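Remarks on the overall topology
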Amino acid sequence: MELNKYRVMWLFVFFDLPTETKKDRRNAQQFRKNLLKDGFTMMQYSVYMRHCASSESADAHEKRIKALLPPFGKVSILRITDKQYGNIINFWGKVIVPKEPSPMQLELF
């Protein structure tokens, strides 16, 4: 049985963090490490993404991100459905790269 592509979510975290001081660099690096610990993968240097099986799961991850925010800089969170994510087109130079398949989900009844 296929999961509902309108219920399954993708979270994107975009950020622009200061790196002028040693403390700023440490805060930025810690934020990135925390995103990775929470199951996010790096899409681009300041863009991380994570697959969530439901809106409730996305809520929990958003709450974690809010608790991990560094003291300075801009962080944005975007939530889209799996159906919307299916329209992504990735390029490496002029070559189209297919999107990564959605992670397999175990459904218990």
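Please refer to the structure higher up on the page.
In this report, the structure presented in the accompanying data block is examined. Computed from a predicted structure; not experimentally measured. (Residues numbered from 1 in each chain as written. Predicted model: local features only at pLDDT ≥ 70, side-chain atom pairs only at ≥ 80, totals over all residues. Heavy atoms only, no water.)

**Structural notes on helix 1 (residues 22–37)**
Here helix 1 is 16 residues long and its end C-alpha atoms lie 22 Å apart, about the 22 Å a rise of 1.5 Å per residue gives. Asp-24, Ala-28, Phe-31, Arg-32, Asn-34 and Leu-35 are the residues of helix 1 that are buried. With its buried residues spanning 160 degrees around the axis, helix 1 presents them on a single face. Pointing more than 90 degrees away from the buried face of helix 1 are the exposed residues Lys-22, Lys-23, Arg-26 and Lys-37. Elements that come into contact with the buried residues of helix 1 comprise strand 1 (9–16), strand 3 (47–52), helix 2 (55–68) and strand 4 (74–81). Once helix 1 finishes, Gly-39 follows within two positions and takes phi at roughly 95 degrees, a positive value. (Helix = DSSP H or I, 4+ residues; strand = E, 2+ residues; numbered from the N terminus. Expected span 1.5 Å × (residues − 1). Buried < 20%, exposed > 50% of the residue type's maximum accessible area, 1.4 Å probe, protein only. Arc of directions from axis to C-beta. Contact = heavy atoms within 4.5 Å.)

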